[in-house]
Amino acid sequence: MDLRARAGRAVSLLRYVTRTVRGLVQLPGFEGTRVTPRRWTNLVLNRWEHRSLRTTLRSYPIKLIVEVTNICNLRCPACFTGDEQQGRVRGHMSPELYARTLEELGPYLWRVEFCNWGEPLLGRHIVPMIEAATARGISTLISTNFSVPFDAGRAERLVASGLTILGVSLDGARQETYEQYRVRGDLETVLRNVRLVNDAKRKLGSKTPKLIWSFHVFSHNAGDVEQARARAAELDMEFAVEKGWVVGEEWDAGGRFDFYGNPRPFPCVPLWEWAVLNNDGGVAPCCGSFYREDDVGRVSAEAGDGGARTFREVWNGPALRRARGFYTRRDGDEAARRSICFDCPQTVIWERWLHHMGGGGLEQDFDPGFGQNDVFNYFWNRQKLHRPAGDAARAARR
């Protein structure tokens, strides 16, 4: 090998090492988190174990998604709950379950997100839960439809809780477009509630929570985007717009709007870096999973219910270790093949990527074979496996 070729390889190696080190130590960008030595050390270890494809982890997750309730007042058509599917018993997370989990994971977490398959502001214990995370220096986020009963007192308690980010799902600037997806929602109620939060922030002298207008674009509301952007500015809200997913074919493939992200070849982030805790103690492999049959374990919600005593028992339990192992070798018995992670697009994309690169393919020529809407439909279609009778009944009612 001549000197020029050696120099080229050395430069490439240096760039790779630099990117790797930067990726390990770069802060995750969760505003409002108090950086501590324990959090930072766990972050680096977690990322190292992720990139090393370890199946049994010494690290803890850096983000926790908490389902404070799986009850919702709206009927959004591309949401499991809105579609009236039954993934698990409807209810609220107990304060005891949350407190035990936060006691175990709190020193390592950078963010707690209080939203999954229900409307978090209908949760009975949402404000004390936020307060407990805030007291530990953890960034907090709620995503809400905000078409709920609300008043000045509730607004002040929410602001005083220390909530970092309040994302408001507002898919339209007019009632007639907004309600086509946010079925049963009332646009003026949402806007009034946003104003109440702004009033409370001024009264309490608080910069938080940051308010974000989250606009999911569909064919019926695409004409509202600029009007919504202007109204968000009037309300001192950041404006985030992304294409909405739909059941079936993507509604505007190749159009001017993009999804929040597109599938890429990388080992599944939630399996290593996130944790999803449902209201009944069920632990899901990711936030796309809805049915309790797809849980990777369960933390005990009350004495004698058969759940794990600690979260770590589930975090390094057989189901999660098996799911992580698919990124080294995607095979297994019938139970493995029926697991939600086995045929997950992210798992399949990684397998295709390894074959592509191992066969001498170029990075720029790789085709994942899935779009973001395909990923959504993979999770949506789990109902055919777990609730086929209920699926048929809902279709008949329509």
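First, a word on scope: everything that follows refers to the structure included in this document. Since the model is a prediction, treat every value here as computed from it, not as a measurement. (Residues numbered from 1 in each chain as written. Predicted model: local features only at pLDDT ≥ 70, side-chain atom pairs only at ≥ 80, totals over all residues. Heavy atoms only, no water.)

**Details of the pattern of salt bridges**
- Scanning the model with the defined rule gives 19 salt bridges in all.
- Residues arginine 111 and glutamate 113 are paired through a salt bridge, measuring 3.8 Å at the closest nitrogen-oxygen approach. For the pair arginine 111 and glutamate 113, a shared accessibility class is recorded, and that class is buried.
- With its nearest N and O atoms 2.8 Å apart, the salt bridge here joins arginine 330 to glutamate 351. With a gap of 21 residues between them, arginine 330 in the loop between helix H11 (318-325) and helix H12 (334-338) and glutamate 351 in helix H13 (residues 345-358) connect regions that are remote in the sequence.
- Via salt bridges that share partners, Glu31, Lys210 and Glu238 belong to a single interconnected network. (Salt bridge = Lys/Arg side-chain N within 4 Å of Asp/Glu carboxyl O. Buried < 20%, exposed > 50% of the residue type's maximum accessible area, 1.4 Å probe, protein only. Helix = DSSP H or I, 4+ residues; strand = E, 2+ residues; numbered from the N terminus.)

**Here we look at unusual backbone geometry**
- With omega at 5°, the peptide bond leading from threonine 208 into proline 209 counts as cis.
- Turning to its location among the elements, proline 209 is positioned in the loop between helix H7 (187-204) and strand S5 (210-217).
- Residue phenylalanine 146 is not a glycine yet carries a positive backbone phi of 55°.
- With respect to the helices, strands and loops of the structure, phenylalanine 146 is situated in the loop between strand S3 (139-144) and helix H5 (152-160).
- Residues other than glycine seldom take positive phi values, yet aspartate 236 does so here, at roughly 60°.
- Within the element layout of this structure, aspartate 236 appears in the loop between helix H8 (225-234) and strand S6 (238-243).

**A word on the pairing of S6**
- As paired elements, S5 and S6 share six bridges and run parallel to each other. If you follow phenylalanine 215 over to S6, its bridge partner there is valine 241.
- Considered for its hand, the β-α-β crossover made up of S5, H8 and S6 is right-handed. (Pairing = 2+ DSSP bridges. Right-handed = clockwise from strand over helix to strand, strands pointing away.)

**A word on H8**
- Among the residues of H8, Val225, Ala228 and Ala232 are the ones counted as buried. One face of H8 carries all of its buried residues, which in axial projection span an arc of 60°. Of the residues in H8, the exposed ones pointing more than 90 degrees away from the buried face are Glu226, Ala233 and Glu234.
- In the core, the buried residues of H8 are packed alongside S5 and S6.
- Residue aspartate 236 follows H8 closely and has a positive phi angle near 60°. (Arc of directions from axis to C-beta. Contact = heavy atoms within 4.5 Å.)

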